[in-house]
Protein chains: 2
Amino acid sequence: MKFSNLLFNSLKESPKEAKIVSHQLMLRSSMIRQHTSGIYTWLPLGFKVLKNIENIVRYNQNKIGCNEMMMSTIQSSDLWKKSGRYSDYGKEMLRINDRHDNELLYGPTNEEVITDLFSDYVNSYKGLPKYLYHIQWKFRDEIRPRFGVMRGREFLMKDAYSFDLDHESAVETYKIFFKSYLQTFIDLGLQPIPVKAATGAIGGDLSHEFQIIAKTGESELAYDPELVSQNLLNKSYEEITSMYSASDEMIDKNRSNVVIGRGIEVGHIFNFGTKYSLPLECYVLNNEGKKVFPHMGSYGVGVSRLTAAIIEAFHDENGIKWPFNISPFKINIITSTHGSNNEVAEKLLEKLTLKYGNVSYDDRDLGMGRKIKDSELIGIPWSIIIGKNYEENKQLEITNRSNGEKSFLTESEVESFKFEQYTP
Amino acid sequence: MKFSNLLFNSLKESPKEAKIVSHQLMLRSSMIRQHTSGIYTWLPLGFKVLKNIENIVRYNQNKIGCNEMMMSTIQSSDLWKKSGRYSDYGKEMLRINDRHDNELLYGPTNEEVITDLFSDYVNSYKGLPKYLYHIQWKFRDEIRPRFGVMRGREFLMKDAYSFDLDHESAVETYKIFFKSYLQTFIDLGLQPIPVKAATGAIGGDLSHEFQIIAKTGESELAYDPELVSQNLLNKSYEEITSMYSASDEMIDKNRSNVVIGRGIEVGHIFNFGTKYSLPLECYVLNNEGKKVFPHMGSYGVGVSRLTAAIIEAFHDENGIKWPFNISPFKINIITSTHGSNNEVAEKLLEKLTLKYGNVSYDDRDLGMGRKIKDSELIGIPWSIIIGKNYEENKQLEITNRSNGEKSFLTESEVESFKFEQYTP
């Protein structure tokens, strides 16, 4: 894609309202624009990142046999009154009256909706376990929205829900999601730390948060160094959860052999038994023809929050450093002047796009310095400069955004160069 | 995918509230479930169809250099007051007050939002023309929601917006979208008829609706038979729009050489000049450094509506007949009993999935008759029965859902059989 076709205009200075680095960099690099307090427009660059994250999350959910579906953003209040949560949610729930004065709300979560529909489609124990998920916008009417999309009012979540015949089977399901979450965050290029969590408004007795390590993270995080070992995914749920981890006030300050850092919550999983299936009368018949209320769990990933969290984890003074998998473009081609270099660039754009998918060419009528700065700000993992060195020695300059390493190559060498995937 | 893992439970009878065939069939085949009046949950099968349509629409927008982005569902009323449309929209606009009593609304369309943000990112004539789009949920608080997702309250739309330097250039852009829309609907397996339209609340002087031909369509449609010719896409905008077409009360009953049928509106495009750029002060500087207000257009496709419209176009007494591109599964494997046939089915499922992507295997503990009926109801284009004929002669039965044609083949013949794409 060419920059001339992109809605993009970098800002040198951070807007005042942006207090954290991810918010500053997302505004400066035209990823997002505030529409109104806590509500953002995802501009083309930010949208590409959001979709890349969404697709990695989706891939991992599908891999464990989770069925994708889509629940509406607007819900009726009826089910919330039945479950008893309509009053619990307080002012964070965006309540709406339609033209007939029916009480609606913008869904902050979907336990009620999924539980209500489940028994219409599964009525025998033979249909269990079943896993369902959707990736949908949610709304939480924060009193003071801030930190950009890290804590917006309208935000994108992946929510999965599981239905099992009994507690034992529900715990097995919980372990499957637990492991799948570790895999998801690792695929995103992140270092996940599972932390035993309180269950809060969702309910239940078994819950973990997934934090990612980021120097500028929102919470203090303490963990066994073994938790960031290479072979974490080969360990069992029991081994992993037996290792120490805690955040904020739960941290045991007297513990030894613990890494202290900062983290950002990006996922949360819950096992809450029959908390919703009982009041919403969701049951199946067991092998003796008796009513059984499924044991349920829910599993959330903050998709829009992750865009900001990843920036908190990967940035420097010049801008964002996206992991290759997530970057809006994998490679950015930069020319100094229009004319003959333009042709070289166009040819390279075509060839590299075929090979790597999303490749950009900054063809704007601007100086080389500005273009390099913009490329660093956006955080594209690889750049190719076709400039002075090309005019003099027919050499192109390849730069790795993460470590700044440069290679000088001929056109044909660039075509066969391995632009490798890396985590900054 | 195996049916045992799918949230699916077919209904023999149509629910009473469903008056049109698409609504009946979508409920009967577990594609959608009503959450509350005019608001639906997209169950796994319906969701797959929705995504398939969305991806074909996206592909065609990207092809004409349209930038994908994402505007929020909830909007501030400020811009609507500025454009003067806040009162125009009346009770169909879902109005919301947040906890601080700010006036918000669930976006019924996005001209205001996109116009407002545009000039933050483009400030020179060099940045024009520019095309942007998003695929997002919208809300229209219908007084009497009905006809399922054909006219729901919460619905998914693709909306594109164009910005041009002057009227002439905006008309050229309009023609590009016009042709792209014909291509999109043809790619979806549909027969589009462009009809000159009134502009209504959006404004402007140039507008077309795109109707698709469907026996059970909502409007009467009259058109030049040439409009459904094979080579429509090779004709120019001028040639196509010079051919006769009209709907409902606009039909000239005295005209000859006209086909009279029924249609369903699935797209609408508008050129509305500076109607929004002027009041919202969206301008760029021209080559003399003077302020110029871009000429704009908007281009909508009803993505969720299309799921129902396609069913209205393609169904019979036994169920839906999806075009191959859109079907939730391309091929459905059906076994009569568990045991040895199960192994053959599993092997085939694996091989065909590699080749065709989305393939299903109905492994439920149910009779063959019920499974065949369900496959027809869902509308899967091809089915493979591994039943009596397999046990006796090692033959599998391939059926084309559209014309009912059967072939009897051996296992290895099935593996190399060309399950061709077709439009029913």
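Residues numbered from 1 in each chain as written. Chains lettered and ligands numbered in written order. Predicted model: local features only at pLDDT ≥ 70, side-chain atom pairs only at ≥ 80, totals over all residues. Heavy atoms only, no water.

### Digging into the pairing of strand β1 (residues 32-36) of chain B
Residue and element names in this part refer to chain B.
- For β1, a buried count of four out of five residues is recorded, marking the element as mostly surrounded by other parts of the structure.
- Pairing between β1 and strand β2 (residues 39-42): four bridges, direction antiparallel. If you follow Ile32 over to β2, its bridge partner there is Trp42.
- The antiparallel pairing of β1 with β2 creates a hairpin that spans two residues between the two strands, and Gly38 there sits at a positive phi of about 75°. (Buried < 20%, exposed > 50% of the residue type's maximum accessible area, 1.4 Å probe, protein only. Helix = DSSP H or I, 4+ residues; strand = E, 2+ residues; numbered from the N terminus. Pairing = 2+ DSSP bridges.)

### Quick notes on the sheet that holds strand β6 (residues 103-106) of chain A
Residue and element names in this part refer to chain A.
- Taking strand neighbours across the sheet as the criterion, the three strands line up as β4-β6-β5 in an open arrangement whose pairing is antiparallel. Edge positions in the sheet fall to β4 (74-76) and β5 (94-97), since each has one partner strand and no second. Averaged over all pairs of adjacent strands, the angle between their axes in this sheet comes to 35°, without regard to strand direction. (Axes fitted to C-alpha atoms, helices over the stretch in contact; angles between N-to-C directions.)

### Section: helix α6 (residues 167-187) of chain A
All names here are of chain A.
- For α6, spanning 21 residues, the distance from its first C-alpha to its last is 30 Å, which sits close to the expected 30 Å at 1.5 Å a residue.
- If you check which residues of α6 are buried, you get Ala170, Val171, Thr173, Tyr174, Lys175, Phe177, Phe178, Ser180, Tyr181, Leu182, Thr184 and Phe185.
- The backbone nitrogen of Glu168 lies 3.4 Å from a side-chain oxygen of the residue at the head of α6, namely Asp166.
- At the C-terminal side of α6, Gly189 shows a positive phi close to 90°. (Expected span 1.5 Å × (residues − 1). Polar contact = N/O pair within 3.5 Å; in protein donor to acceptor, adjacent residues only side chain to side chain.)

### Side note on empty space enclosed by the protein
- A complete count under the given rule lists three cavities of 30 Å³ or more for this structure.
- In terms of lining, the largest cavity is formed by 22 residues, of which the most central are Lys51, Glu54 and Met70 of chain A together with Lys51 and Met70 of chain B.
- Looking at the lining of the largest cavity, the elements with two or more residues in it are α2 (44-63) and β7 (130-139) of chain A together with α2 (44-63) and β7 (130-139) of chain B.
- The computed volume of the second largest cavity comes to approximately 50 Å³. (1 Å grid on protein atoms, 1.4 Å probe; cavity = no way out; pocket = protein on both sides within 12 Å on 5 of 7 lines; lining within 4 Å. Points joined across faces, edges and corners; volume = space filled by probe spheres on them.)

### What about the interface of chain B and chain A?
- With 64 residues of chain B at the contact, the number on the chain A side is 64 residues.
- Note on chain B versus chain A: buried area summed over both sides is about 5400 Å², and carbon and sulfur give 54% of it.
- Applying the counting criterion to the chain B and chain A interface returns eight salt bridges.
- Residues Arg33 of chain B and Asp120 of chain A are paired through a salt bridge, measuring 2.7 Å at the closest nitrogen-oxygen approach.
- Our count for the chain B to chain A interface comes out at 28 residue pairs in polar contact (both at pLDDT 80 or more).
- Classifying every residue of the side of chain B that touches chain A by side-chain character gives 29 nonpolar, 17 polar and 18 charged. (Contact = heavy atoms within 4.5 Å. Buried area = accessible area lost by both parts, 1.4 Å probe. Salt bridge = Lys/Arg side-chain N within 4 Å of Asp/Glu carboxyl O. Nonpolar A, V, L, I, M, F, W, Y, C, P; charged D, E, K, R; others polar.)

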